[in-house]
Amino acid sequence: MKESVYLLLIWLGVTSALAFVLFGWDKLMAKLHRRRVPEAALLGCAFLGGSAGAALGMALFRHKTRKPLFRRFVPLCLIAHAVLLAWAVLRTWPLI
């Protein structure tokens, strides 16, 4: 695979880890009745490549699962990121 695919994998991994941590932190802050992470930050992180971490965080922490915007937006971003990754891999695939 080319460097661009590796860079994309690194980007998706780092942003997914960040999204996962943000969802966990927001859930903890919600339980403690403290200042929360803005929903725009959670959705933005999912949109910018962290959809896998956001989906995992939603499932594992049971957080934001009743909000329709999160229930629709995060899976759509996950599909879009999977398509982007598949396109990048297939684009660099050696044609024989």
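We now turn to the structure provided with this report. (Residues numbered from 1 in each chain as written. Predicted model: local features only at pLDDT ≥ 70, side-chain atom pairs only at ≥ 80, totals over all residues. Heavy atoms only, no water.)

Some remarks on unusual backbone geometry
Non-glycine residue histidine 33 carries a positive phi angle of around 55°. With relative accessibility at 74%, the residue histidine 33 sits in the exposed group. Look at lysine 64: it is not a glycine, yet its phi comes out positive at around 65°. By the element assignment, lysine 64 lies in the loop between α2 (39–61) and α3 (68–92). (Buried < 20%, exposed > 50% of the residue type's maximum accessible area, 1.4 Å probe, protein only. Helix = DSSP H or I, 4+ residues; strand = E, 2+ residues; numbered from the N terminus.)

Describing a nonpolar patch on the surface
On the surface, Leu7, Ile10 and Val14 cluster together into a nonpolar patch covering about 310 Å² of accessible area. Here valine 14 is to be found in helix α1 (residues 3–31). Taking the relative accessible area as the measure of exposure, valine 14 reaches 53% and is therefore exposed. (Patch = residues over 30% accessible without salt bridge, like charges linked within 9 Å, V, L, I, M, F, W, Y side chains within 5 Å. Areas by Shrake-Rupley, 256 points an atom, 1.4 Å probe, with all protein chains shown as cover. Salt bridge = Lys/Arg side-chain N within 4 Å of Asp/Glu carboxyl O.)

Considering the packing of aromatic side chains
In this structure the tally under the stated criterion is 3 aromatic pairs. Ring plane angle 35° and centroid distance 5.0 Å describe the contact between phenylalanine 20 and phenylalanine 61, whose orientation is recorded as tilted. With phenylalanine 20 in helix α1 and phenylalanine 61 in helix α2, this residue pair connects regions lying 41 residues apart in the sequence. On the basis of relative accessible area, phenylalanine 20 is assigned to the partly exposed category, the value being 24%. Ring centres of phenylalanine 47 and phenylalanine 73 lie 6.2 Å apart, and the angle between their planes is 25°; this geometry places the pair in the stacked category. One end of the pair, phenylalanine 47, is in helix α2; the other, phenylalanine 73, is in helix α3, with 26 residues separating them in the sequence. Residue classification places phenylalanine 47 among the exposed residues on the basis of a relative accessible area of 53%. (Phe/Tyr/Trp six-rings, centres within 6.5 Å; stacked < 30°, edge-to-face > 60°.)

Details of the side chain of histidine 81
With respect to the helices, strands and loops of the structure, histidine 81 is situated in helix α3. Taking the relative accessible area as the measure of exposure, histidine 81 reaches 13% and is therefore buried. At 2.6 Å, the side chain of histidine 81 and the side chain of serine 51 are in polar contact. Apart from the residues lying within four places of it in its own chain, the contact partners of histidine 81 are Leu12, Ala46, Phe47, Leu48, Gly49, Gly50 and Ser51. (Polar contact = N/O pair within 3.5 Å; in protein donor to acceptor, adjacent residues only side chain to side chain. Contact = heavy atoms within 4.5 Å.)

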